[in-house]
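Below, each chain spelled out in residue letters.
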Amino acid sequence: MSTGEQNPTSALLPVDPFDIVVFGATGDLALRKLLPALFHRWCDGQIPSGCKIIGAARASMARDAFITLVHDSYRGFFPKEEFDEQQWAAFAEHLEYCGFDAGDENADWSDLADLLAPGIDKIRLFYLALPPGLFGPVSTNIAKAGLNSAKSRLVLEKPIGRDLASAHQINAAVGKVFDERAIFRIDHYLGKESVQNLLILRFTNSLFEPVWNANAVDHVQITVGETVGAGNRASYYDKSGALRDMVQNHILQLLCLVAMEPPNDFGADTVRDEKIKVLKALRPMTNAMAQKETVRGQYTAGAIDGEAVDGYADELGAASDTETFTAIKAHIDNWRWSGVPFYLRTGKRMAARRSEIVIQFKRVAHALTPAGAGHLHPTRLVIRLQPDEGVKLLLMTKDPGPGGMRLRYVPLNLSYADTFSARYPDAYERVLMAVVRNDLGLFMRRDEVEAAWSWIDNILGAWKSGNIACQPYQAGTDGPTQAAMLIDRDDKEWFDGM
Ligand code: BG6
């Protein structure tokens, strides 16, 4: 196969007919991500006829009003998307709405039961786009209403709790109703094309594995930077903060995929077994470590792309010590990674939207090139997750031409945009279809979520007992200066792109 050729086996994987109930259907996640994802899958011909997409929320609303709400918000969120009203009308035939309080044990579930009744043998998804405190009660009420059929699956949106104890409680409550193999805990990062490619990059190219360890790797950086602020989610976000919102899930998942041992195959549990070993090898953060190896930050007013934006406290309308940025030096205490720091950082209102993983290799043992030839940079493998997905291997090269020995640091560049022409589905499109196909590999198992919380709890505890306060950083920058100092102390620097 020549480079760039389409894989001849690539095709739409058909899925069996299903019904999905989206609880929290009038909320931001449902309107911005889930219902548009289903519409896109429908446009691509993946949703079989006969599927029902049922929105459920407390507001009482006629079906038509719900359809209008979904339509109008889709047009608001995807103004540039090609939009065919006829296609939309055909999709809308599948939409239904039930207005009731699913968390109330006395609520009347009969409308929902009637809608689901004809499809008793169909795959049934209950998607809880709800606050985690409702996961237990709603699951119990699903069972009480007799709707937990043999083919039912429960989909839980993160966060699963706010610490290990609450995650335990939630997992125990939903586990009373649904078997672990019917519970799909979403981390939408696992549905991102570039994140899925991490395993392929590592385990299908013989180049990397021999150097993917402490002998050759100097350190690893994982950055998830966003330019958006907390905005209208500030009241939710204020109870969470960057550590719970991004590190406990997305960043630790990325760290697991980078650091785990090769699984025997790509089976869901084989991969998850390897990931959990990494989580368990993370060195617990002590109070003394947290002082030096973690940073908390909060954005103040500044500018993003030339536009003035408010500080976090102004958005929230109150003073707060919730971190909108964090940087952490993590250690994985196992044979492969002994002595290799993993620097993690994430923040809102940063200079650029940029998520990437940098594997920085050790410097060559002896520099042969003459002093004036130019600075010798370390070899870096940069895996760009978003935007501009791709992989770059940064190498030292001789600048061609006369004039003596001059060195240049240049990338070998695999850009997705230049290499692959097809539109690829958004992460939520992929994870939703994976639930229907019963592919648990893209979802977090109970023990995985709890192992992640256990490490996070240590950090939260150390922050609290050490009174580690948020450092201010101006919106539109790379976070507080303390984040630069955290890595600079080790004689390293954040890689900020080339
Ligand atoms: C969510 C967080 O899980 O991920 C948000 O709750 C964050 O705060 C979002 O903005 C980032 O996702 P993406 O796909 O835009 O990188």
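Heads up: the structure comes first, above all this text.
Notes on the structure in this doc start here.

About the cut-offs
- Residues numbered from 1 in each chain as written.
- Predicted model: local features only at pLDDT ≥ 70, side-chain atom pairs only at ≥ 80, totals over all residues.
- Heavy atoms only, no water.
- Buried < 20%, exposed > 50% of the residue type's maximum accessible area, 1.4 Å probe, protein only.
- Helix = DSSP H or I, 4+ residues; strand = E, 2+ residues; numbered from the N terminus.
- Pairing = 2+ DSSP bridges.
- Core = buried A, V, L, I, M, F, W, Y, C linked by side-chain atoms within 4.5 Å.
- Contact = heavy atoms within 4.5 Å.
- Axes fitted to C-alpha atoms, helices over the stretch in contact; angles between N-to-C directions.
- Near = heavy atom within 4 Å.
- Polar contact = N/O pair within 3.5 Å; in protein donor to acceptor, adjacent residues only side chain to side chain.
- Nonpolar A, V, L, I, M, F, W, Y, C, P; charged D, E, K, R; others polar.

**Remarks on the pairing of strand β12 (residues 342-347)**
For β12, the tally of buried residues reaches six of six residues, placing the bulk of the element in the interior. Here β12 shows no split at all, with Phe342, Leu344 and Thr346 on one side and Tyr343, Arg345 and Gly347 on the other all buried. Two elements, strand β7 (residues 217-225) and β12, share six bridges in a ladder whose sense is parallel. Residue pairing in the sheet places Val224 in a bridge with Thr346 of β12. Here strand β11 (residues 325-330) pairs with β12 via six bridges, running antiparallel.

**A look at the nonpolar core**
Counting residues in hydrophobic clusters, the biggest one holds 137 residues, and the most contacted among them are Phe23, Phe342 and Trp455. Counting residues per element, this core draws most heavily on helix α9 (residues 241-259), which supplies eleven residues. When sequence neighbours within four positions are dropped, the list of residues in contact with Trp455 reads Val247, Leu252, Leu282, Arg283, Pro284, Met285, Ile328, Ala330 and Leu344. Counting 19 residues, the second-largest nonpolar core is a separate cluster that includes Tyr237, Ala242, Phe325 and Ala483.

**A few points about the sheet that holds strand β16 (residues 407-415)**
The nine strands are arranged β16-β15-β14-β13-β7-β12-β11-β8-β18 in an open sheet whose pairing can be described as mixed. Of all the strands in the sheet, just β16 and β18 (471-474) have a single pairing partner and so form its edges. Neighbouring strand axes in the sheet, compared pairwise and without regard to direction, differ in orientation by 20 degrees on average.

**Details of the site of the ligand**
Around the ligand lies a shell formed by Lys158, His188, Tyr189, Lys192, Glu226, Arg233, Asp245, Met246, His250, Lys348 and Gln386. Between Lys158 and the ligand, the recorded distance is 2.7 Å, taken from a side-chain N or O atom to an oxygen atom. Take Lys192: an N or O atom from its side chain is 2.6 Å from an oxygen atom of the ligand. With three residues, α9 is the single largest residue contributor to the shell around the ligand. Of the residues contributing to the shell around the ligand, the split by class is two nonpolar, three polar and six charged.

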